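Structural characterization, general
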Amino acid sequence: QNMSKAILKFIRLSPTKARLIAREVQGMNAELAMASLEFMPNKGAKIISKVIASAVANGGFEPEEVVVASCRVDAGPVLKRFMPRARGSASGIRKPTSHVFVEVAKAAKKEDQDGSKSKSDWFKTWYQQKLGSVSYTHLTLPT
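Described in the following lines is the structure provided in the data block. All chains use their own residue numbering, which begins from 1 and follows the written sequence. Residues qualify for local features only when their pLDDT is at least 70, as the model is predicted, and side-chain atom pairs are given and counted only at 80 or more; totals for whole chains, interfaces and linings, by contrast, use all residues. The side-chain quantities take in all heavy atoms of the structure and omit both hydrogens and water.

1. Thoughts on helix H2 (residues 30-38)
Residues separated by three or four positions in an α-helix point in the same direction, a consequence of the helix having 3.6 residues per turn. Think of it in three bands: residues with accessible area under 20% of the maximum for their type are buried, residues over 50% are exposed, and the middle band is partly exposed, with areas taken using a 1.4 Å probe on protein chains only. The helix count covers DSSP runs of H or I at least four residues long, the strand count covers runs of E at least two residues long, and both are numbered beginning at the N terminus. Considered for burial, the residues of H2 that qualify are Ala-30, Ala-33, Met-34 and Leu-37. All buried residues of H2 project into a common sector of 95° when viewed along the axis, lining one side. Two residues form a contact once any of their heavy atoms are found within 4.5 Å. Against the buried residues of H2 lie helix H1 (15-25), helix H3 (43-59) and strand S2 (66-84). Here, the arc refers to the directions that run from the helix axis to the C-beta atoms.

Right, here's the structure in full:
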């Protein structure tokens, strides 16, 4: 099999903050993604790094040979709490949770002149499969 996934649900992390990090690692080599997330100061970076490692292990791959095909963060349920305020009133506190989905796929081997697909070609075909006939020419592709 060429693809594996990992899901982490109900993590106490804001989905908007986690999405910033999820967009950074999309399309990256799994080893490079985990290494770069290691040195980010965000709470979400460490969590997403662990989910990527889990997705790699679920497929029985080595981190060097796979690419993060998709990294998605969905909103989970919101824990609602109250904070006492002046004059006997109370204001609400939202404690959001999120679900992290990571898919890793085997990277296409980059060969010189054998007609094999490079990383950017793999990304183009993957993007076309995801979006159908939508054009991808406006994207800056990794080289």
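Having put the structure on the table, let's press on.
2. Quick notes on the nonpolar core
Nonpolar side chains in soluble globular proteins generally cluster together in the buried interior. In this structure, Ile-48, Ile-52, Val-102 and Val-104 are the most contacted members of the largest nonpolar core, which totals 25 residues. Ranked by residues supplied to this core, first place goes to H3 with 7 residues. Only buried residues count toward a nonpolar core. Its members are Ala, Val, Leu, Ile, Met, Phe, Trp, Tyr and Cys residues joined through side-chain atoms within 4.5 Å.

3. Notes on the sheet that holds strand S3 (residues 90-106)
Whether two strands pair comes down to DSSP finding at least two bridges between them. Spatially, S1-S3-S2 is the arrangement adopted by the 3 strands of the open sheet, whose pairing is antiparallel. Of all strands in the sheet, those with a lone pairing partner are strand S1 (3-11) and S2, marking the two edges. Strand-to-strand, the axes of this sheet are offset by a mean angle of 10°, without reference to chain direction. In this sheet, S3 lies alongside S1 in antiparallel orientation, the contact comprising 7 bridges. Bridging across to S3, Ile-7 finds its partner in Phe-101. Against the sheet, H1 makes contact with S2 and S3, and its axis sits at roughly 170° relative to S2, the strand it touches most. Seen against the sheet, H3 touches S1, S2 and S3 and runs at an angle of roughly 145° to S1. Helix axes use the C-alpha atoms of the stretch in contact, all axes being lines fitted to C-alpha atoms, and the angles between their N-to-C directions lie in the range 0 to 180 degrees.

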